[in-house]
Amino acid sequence: TAFGLPLGRWLTSLTLLSEGLLLFIAAQTGFIDGPNVLSNMAVDSWLPHRFANLSHRLVRMNGILLMGVFSLVILLVFKGNVDALIVLYAINVYITFTLSQLSMCVHWWQARREQKDWKSRFFINGLGLSLTSIILVATVMAKFLEGGFVTIVLTGLLIVVCTRVKRHYKEVQTALKRLDDALTNLPLPDRDASEPALGPCDKAKPIAVVMVERYNGLGIHAIFSIKKLFADRFQDFLFVSIGRIDSSKFKGVEELQNLRNSTEENLRKYVALAHKMGYRADFRHVEGIDVISGMEELCGLVTGEFPDATFFSGKLIFAKETLFSGLLHNQT
């Protein structure tokens, strides 16, 4: 006995406390690393790009909300049945362990010519792969009718959804690339050296303010559309852009500087194109985590600088608008 209680009861209480703390830490890991994984997948177009956005507190808010909602849904669907939830948790944990060990084995095999001690590292990860695979298969077989089947179905559905999202983004990028190829290499003549150089925009004249993301066919098409719709009203073009700080850019001062340099480089290409077409042109840009609020702020500054400004922006229009395309595009 200890403090008047049997030793066995103390050991049981200690075991339950340890298990509770372990599950609490596991849940915290899900809410901390889950949104990070979602944001990385969004950057690679496996999930809607909005999951890569940062909130005003510099956290991946959309991922946190999704994790919280799905946790609540699963809790309600399983009616708080701990046995079923443990099976759901265990199978997916060992799926991630197995995939992680497999990826490390592939990495060491690919780096075998550069890494001298690759064999020992490959052996360690290979041993881990063997153990996690055995536990995964044994857990699925033993608990197949006790929640394992539901786990496999849910995980499979998630894979199908991610694959469909990736395919959609790839199809859109392929279509946009055709536009880029057609417009980014236009054979525009250089201006005659005898003509006066075109400087920045004239603040006393009407100016077309074009919102662009990067130098691509959509932005170039906007210039031609403005010329077609408004004839000779605009001889001045101002290109504005937001350097969006998302999870892929929020990794240090160097990445932020690279983002700033990349944004300026894209805008200078638009200015050079406008000069070739005989227009005065300039650019403005800021960096921020939210495109809408950043563009509102930037356009407010432009309005104060250029009294007679007309703003132009664009959006993707699909031949057949669906809920799926709406979820994946045009949030900005």
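Above this text is the structure in question.
For the structure given in this document, a descriptive report is provided here. (Residues numbered from 1 in each chain as written. Predicted model: local features only at pLDDT ≥ 70, side-chain atom pairs only at ≥ 80, totals over all residues. Heavy atoms only, no water.)

1. Concerning the packing of helix α3 (residues 82-110) against helix α4 (residues 118-142)
Next, step 1: The geometry of α3 relative to α4 is characterised by a closest axis approach of 8 Å and an angle of 155° between their N-to-C directions. Classed by the angle they form, the pair α3 and α4 counts as roughly antiparallel. When the axes of α3 and α4 are compared, the crossing they make is left-handed. (Axes fitted to C-alpha atoms, helices over the stretch in contact; angles between N-to-C directions. Helix = DSSP H or I, 4+ residues; strand = E, 2+ residues; numbered from the N terminus. Parallel < 35°, antiparallel > 145°, perpendicular 65-115°, else oblique. Left-handed = near helix turned anticlockwise from the far one by under 90°.)

2. Section: the side chain of N216
Next, step 1: Relative to the assigned elements, N216 resides in the loop between β1 (207-211) and α6 (217-230).
Next, step 2: For N216, a relative accessible area of 7% puts it in the buried group. (Buried < 20%, exposed > 50% of the residue type's maximum accessible area, 1.4 Å probe, protein only.)

3. Observations concerning the environment of W118
Next, step 1: Within the secondary structure, W118 sits in helix α4.
Next, step 2: In this structure, the C-alpha to C-alpha distance between W118 and H107, residues 11 residues apart in sequence, is 9.5 Å.
Next, step 3: Beyond its immediate sequence surroundings of up to four residues, W118 is in contact with W108, W109 and R112. (Contact = heavy atoms within 4.5 Å.)

4. Describing a nonpolar patch on the surface
Next, step 1: A surface patch of nonpolar side chains, amounting to about 670 Å² of accessible area, comprises F144, L145, F149, V150, V153, L154 and L157.
Next, step 2: Residue position: L154 is located in helix α5 (residues 148-183). (Patch = residues over 30% accessible without salt bridge, like charges linked within 9 Å, V, L, I, M, F, W, Y side chains within 5 Å. Areas by Shrake-Rupley, 256 points an atom, 1.4 Å probe, with all protein chains shown as cover. Salt bridge = Lys/Arg side-chain N within 4 Å of Asp/Glu carboxyl O.)

5. With respect to the nonpolar core
Next, step 1: By size, the foremost hydrophobic cluster in this structure holds 20 residues, and its most contacted members are I226, F237, F239 and Y270.
Next, step 2: Of all the elements in the fold, those that place two or more residues in this core are β1, α6, β2 (236-244), α7 (253-276) and β3 (280-288).
Next, step 3: It is α7 that provides the largest number of residues to this core, a total of 5 residues.
Next, step 4: In this structure F237 touches C201, I207, A208, V210, I223, I226, Y279, R280, A281 and D282, once residues within four positions along its chain are discounted.
Next, step 5: Grouped together as the second largest cluster of nonpolar side chains are 11 residues, C201, I207, L238 and L298 included. (Core = buried A, V, L, I, M, F, W, Y, C linked by side-chain atoms within 4.5 Å.)

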